[in-house]
Amino acid sequence: MAVHTQPADVTIRDAETGDLGGVVRIERASFAQPWPYAAFDRFVDEPGFLVADRDGDVVGYVVGDVTPDFGRDLGHVKDLAVAPSDRRRGIGRTLLNRSLTALAVQGSDLVKLEVRAGNEAAQTLYRDVGFRATRRLSGYYRDGEDALVMMLHVPDWQDG
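Reference entry: report on the structure contained in this document. (Residues numbered from 1 in each chain as written. Predicted model: local features only at pLDDT ≥ 70, side-chain atom pairs only at ≥ 80, totals over all residues. Heavy atoms only, no water.)

Overview of the sheet that holds strand E4 (residues 72-82)
Okay, step 1: Strand order across the open sheet formed by 7 strands is E1-E2-E3-E4-E5-E7-E6, with mixed pairing between neighbours. In the strand order of this sheet, the two ends are held by strand E1 (11-14) and strand E6 (132-137), each with one partner. On average, adjacent strands in this sheet sit at an angle of 25° to one another, irrespective of strand direction.
Okay, step 2: As defined by bridge partners, E6 adjoins strand E7 (residues 147-153) across 5 bridges and the pair is classed as antiparallel. Bridge pairing links Ala133 to Met150 in E7.
Okay, step 3: Lying on the sheet, helix H1 (residues 20-30) is in contact with strand E2 (50-54), strand E3 (57-69) and E4; it crosses E3 at an angle near 90°.
Okay, step 4: Lying over the sheet, helix H3 (residues 91-105) contacts E1, E2, E3, E4, strand E5 (110-116) and E7, oriented at roughly 160° with respect to E4. (Pairing = 2+ DSSP bridges. Helix = DSSP H or I, 4+ residues; strand = E, 2+ residues; numbered from the N terminus. Axes fitted to C-alpha atoms, helices over the stretch in contact; angles between N-to-C directions. Contact = heavy atoms within 4.5 Å.)

And the structure:
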């Protein structure tokens, strides 16, 4: 697991229903096809749904969960974003690492995610953390853009 530094002015904690307004605000500022409020509400109790909080304001979030998959638990990072004004401070990396830890505690030894083929910044972050692209999904997004499926073997990440 790579050593990383959490910004001193930010606290990473479990998401709560009261955080969802801030999460949706960041989602809308970050993505052309944002998730609706109800999508986030379904994941509030998941251990991999975390927020970055600064003085009571949500400045970033990650949504992850674990589901059974052919006899083993598969982690899935579903969404990750940081407020535009707080990007490039290590908040996204900290959220991702903390979510991966939560997914590992829940029994996942493999974690997947999908990322836009054109989102080089996100792909760089995921590769730096230990994810590897395994396949391309043609036309995955509603606008027709392809997605890359990236996978992380948790024991290798923990040993790294």
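So, helix H4 (residues 120-129)
Okay, step 1: Every buried residue belonging to H4 is among Ala122, Gln123, Leu125, Tyr126 and Val129, and all of these are buried. An end-on view of H4 places all buried positions within 160° of arc, on one side of the element.
Okay, step 2: Its buried side turned inward, H4 meets E4, H3, E5, E7 and helix H5 (154-159).
Okay, step 3: Remark: Gly130 follows H4 within two positions and exhibits a positive phi of approximately 130°. (Buried < 20%, exposed > 50% of the residue type's maximum accessible area, 1.4 Å probe, protein only. Arc of directions from axis to C-beta.)

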